[in-house]
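# Coordinate analysis (summary)
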Amino acid sequence: MPDLHSVPETSALRPSFGLHLPAGPLAARADEVFERVSPYDGDGFRNHCRRLFHLTELLMRKSRAKMDRDVAYAIAMCHDLGIVSRDDTGPTYLARSRALFERETAGFDLRGEQGEVIDECMLYNHRLLPVPNLSPQADAFRRAVQIEHTRGIVRFGLEAAPVKAVFDRYPRGNFDRVLLDFTWRTLRREPWTLVRGIFF
């Protein structure tokens, strides 16, 4: 698998629609954390997180919301790790993902991004219903998750071509099997999260 961080801008492998990944220290840290914490083989889970990053970027561009790319990428790569992390605590996997992000990025430059905005991105990204007063950055993550899980059927006003480019660039692979394991872990450990974290 090619290192998508190091593909030169002039390479023949350069993705269309600007689908290149950030390459700063925080992005590299996010990749390292993901590879260490994720228990899954294959590219499915990794590609899910990278699709989420690019879909969120498209939505933020449309709404003119601003967030540093490395920070957004780190959020995307960590947003589900609370489901599988053994080193973080919290009442829900969303809260554990937030705790993991805070622990693993301690000492890194978050480019002035406000802590409460990062909290919202981590805690509300799986919320199906609109959240009053949610930051535009967190709402972009929330909508991106819905685009991802509907496989692009829901697009929130995005053009079809760039959304399709994201799905083409990062194939689904074994992500359906990962989702089944996510569901089993959540039902076994915290079934209330299916209501409290997703609907309300």
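Calculation notes
- Residues numbered from 1 in each chain as written.
- Predicted model: local features only at pLDDT ≥ 70, side-chain atom pairs only at ≥ 80, totals over all residues.
- Heavy atoms only, no water.
- Helix = DSSP H or I, 4+ residues; strand = E, 2+ residues; numbered from the N terminus.
- Rg over C-alpha atoms; globule rule 2.2 N^0.38 Å.
- Buried < 20%, exposed > 50% of the residue type's maximum accessible area, 1.4 Å probe, protein only.
- Areas by Shrake-Rupley, 256 points an atom, 1.4 Å probe, with all protein chains shown as cover.
- 1 Å grid on protein atoms, 1.4 Å probe; cavity = no way out; pocket = protein on both sides within 12 Å on 5 of 7 lines; lining within 4 Å.
- Points joined across faces, edges and corners; volume = space filled by probe spheres on them.
- Nonpolar A, V, L, I, M, F, W, Y, C, P; charged D, E, K, R; others polar.
- Contact = heavy atoms within 4.5 Å.
- pLDDT = per-residue confidence, 0-100.
- Axes fitted to C-alpha atoms, helices over the stretch in contact; angles between N-to-C directions.
- Left-handed = near helix turned anticlockwise from the far one by under 90°.
- Parallel < 35°, antiparallel > 145°, perpendicular 65-115°, else oblique.

Here we take up the overall build of the chain. Across its full length, the chain holds nine helices and zero strands. Ordered by position from N to C terminus, the α and β elements of the chain give α-α-α-α-α-α-α-α-α. Taken against the 2.2 N^0.38 rule, which gives 16 Å for 200 residues, the C-alpha radius of gyration of the chain at 16 Å falls within 12% of a compact globule. Dimensions along the principal axes, computed over C-alpha positions, put the chain at roughly 45 × 35 × 35 Å. Per-residue burial for the chain yields a buried fraction of 52% across its 200 residues. Accessible surface computed for the chain: about 9,900 Å², of which carbon and sulfur atoms make up 56%.

Counted as a void, the largest pocket has a volume near 320 Å³. Lining the largest pocket are 15 residues, and of these Tyr93, His126, His149, Leu179 and Ile198 lie nearest its centre. For the lining of the largest pocket, the secondary structure elements donating two or more residues are helix H6 (136-149) and helix H8 (175-189). Ranked by residue count, the leading element in the lining of the largest pocket is H8, at five residues. Partitioned by chemical class, the residues of the lining of the largest pocket number nine nonpolar, five polar and one charged. If you trace the second largest pocket, you find it lined by Glu57, Met60, Arg61, Arg64, Ala65, Lys66, Met67 and Arg69. For the lining of the second largest pocket, the element with the most residues is helix H2 (residues 44-63), which contributes three residues. Residues of the lining of the second largest pocket, tallied by class, amount to three nonpolar, no polar and five charged.

Inspection of the secondary structure assignment puts Thr92 in the loop between helix H3 (69-78) and helix H4 (93-104). Excluding its chain neighbours within four sequence positions, the residues that come into contact with Thr92 are Glu190, Trp192 and Thr193.

Next up on the list: the confidence of the model for the chain. Looking at the chain as a whole, its pLDDT mean stands at 91, while 90% of the residues score no less than 70. Counting interchain partners and residues more than four positions distant, the pLDDT-below-50 stretch residues 1-16 has 23 contacts.

Turning our attention to the packing of helix H1 (residues 25-37) against H2. Look at H1 against H2: their axes get within 11 Å of each other, and the N-to-C directions meet at 145°. Classified by chirality, the crossing of H2 by H1 is right-handed. Contact residues: Asp31, Phe34 and Glu35 in H1; Phe45, Arg46, Cys49 and Arg50 in H2. Looking at the contact of H1 with H2, its residues break down into three nonpolar, no polar and four charged.

Two elements in contact, H1 and H3, have axes separated by 8 Å at closest approach and are oriented at 10°. The orientation of H1 relative to H3 falls into the category roughly parallel. Contact residues: Pro25, Leu26, Ala27, Ala30, Asp31 and Phe34 in H1; Asp70, Val71, Tyr73, Ala74 and Met77 in H3.

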